[in-house]
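Chain by chain, the residues run as shown.
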Amino acid sequence: MKNILKSVLALSLALVMLLALVSCDKSSAVKKAFEKEEYTVTSLKSSELTDNEIVKGILKEAGMTDDQIKELSSYEVILVNKGLSSGLIIKFPGSGDVKSFLTVKKDDKDDTSAYDKAKEDGRINGNCLFLGTSSAKDIFKKA
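Note that the structure is predicted; figures quoted are calculated from it, not measured. Counting of residues starts from 1 at the beginning of each chain's written sequence and follows it residue by residue. Only residues with pLDDT of 70 or above have their local features reported here, since the model is predicted, and side-chain atom pairs are shown and tallied only from 80 upward, although totals for entire chains, interfaces and linings are computed over all residues. The side-chain figures draw on all heavy atoms in the structure; neither hydrogens nor water molecules are used.

Draft legend 1. Representation of the layout of surface pockets. The volume enclosed by the largest pocket comes to roughly 190 Å³. Around the largest pocket sit A62, G63, M64, T65, Q68, L102, V104, A114, A118, R123, L129 and L131, which together line it. Strands are runs of DSSP state E lasting at least 2 residues, helices are runs of H or I lasting at least 4, and numbering of each runs from the N terminus. Sorting the residues of the lining of the largest pocket by element identifies α7 (113-121) and β7 (128-132) as the ones contributing at least two each. By residue class, the composition of the lining of the largest pocket is eight nonpolar, three polar and one charged. The distinction between a cavity and a pocket rests on a 1 Å grid over the protein atoms alone: a 1.4 Å probe fits inside a cavity but cannot get out, while a pocket stays open yet meets protein on both sides within 12 Å along at least five of seven lines, and a residue with an atom within 4 Å of a point counts as lining. Grid points are joined across faces, edges and corners, and a volume is the space filled by probe spheres set on the points. Each residue gets one of three labels, nonpolar for Ala, Val, Leu, Ile, Met, Phe, Trp, Tyr, Cys and Pro, charged for Asp, Glu, Lys and Arg, and polar for the others, Gly among them.

Draft legend 2. Seen up close, the pattern of salt bridges. We count a salt bridge whenever a side-chain nitrogen from Lys or Arg sits within 4 Å of a carboxyl oxygen from Asp or Glu. A complete count under the given rule lists six salt bridges for this structure. Notably, a salt bridge pairs E76 with K31, separated by 3.2 Å at the nearest N-O pair. Residue E76 is found in strand β2 (residues 76-82), and its partner K31 is found in helix α2 (residues 27-36); the two are separated by 45 residues along the sequence. Of the residues examined, E76 reaches a relative accessible area of 27% and is grouped as partly exposed. Only protein chains enter the area calculation, which uses a 1.4 Å probe; residues under 20% of their type maximum are buried, those over 50% are exposed, and those in between are partly exposed.

Draft legend 3. Structural context of the side chain of S27. Within the secondary structure, S27 is located in helix α2. With a relative accessible area of 6%, S27 lands in the buried category. Leave out the neighbours within four places in its chain, and S27 touches K91, N127 and C128. Residue contacts are defined here by distance: any two heavy atoms, one from each residue, within 4.5 Å place the two residues in contact.

Draft legend 4. Local environment of the packing of aromatic side chains. Whether two aromatic rings pair depends on their centres lying within 6.5 Å, for rings of Phe, Tyr and Trp, where Trp uses its six-membered ring; planes under 30 degrees apart make the pair stacked, over 60 edge-to-face, and the rest tilted. Summed over all chains, the structure comprises six aromatic pairs. Pairing Y75 with F101 gives two aromatic rings, centres 6.3 Å apart and planes at 90°, and the pair type is edge-to-face. Of the two residues, Y75 sits in the loop between α5 (66-72) and β2 while F101 sits in helix α6 (residues 95-102), which places them 26 residues apart along the sequence. Taking relative accessible area as the criterion, F101 reaches 2% and is therefore assigned buried. Ring pairing ties together the aromatic residues F34, Y39, F130 and F140, which thus form one cluster.

Draft legend 5. The arrangement of the pairing of β2 in detail. In terms of strand pairing, strand β1 (residues 40-44) meets β2 through five bridges, oriented antiparallel. Note that in β2 the partner of L44 across the bridge is V77. For two strands to pair, DSSP has to find at least two bridges joining them. Relative to strand β3 (residues 85-91), β2 runs antiparallel, the two being bridged by seven bridges. Within β3, the position partnered with L79 by the bridge is L88. The antiparallel hairpin formed by β2 and β3 contains two residues in its connecting segment, where G83 sits at a positive phi of about 60°.

Below, the structure is given as structure tokens:
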């Protein structure tokens, strides 16, 4: 009886963890929100991160380091664009990866100020990070 209870408990915990991981992926809801607002939504290849002028401008404005830009090639990056309003949505495997990406070393300590500011500004939604104009950010926050 004890073993059956342990097995049921372990299975229940595994199921809850799986649901938590699946539910934190906000990318499809974010894409649909931008498409509903008639934005052009494009998934970018890693070469387009440095070739596209709009993307370069957004990354420069966001203050991304060269190392961070190189690291972006391992994640799905989505460009949303409508007239002068544009933005980049970076889809990370999990919400913890967003924090790791925005954490930098300063004086041999982890500096999470960029993550804290992004969270406060509403530029983080689940496992997605938004970089871009404020009008597009409002759509991102509501998704």
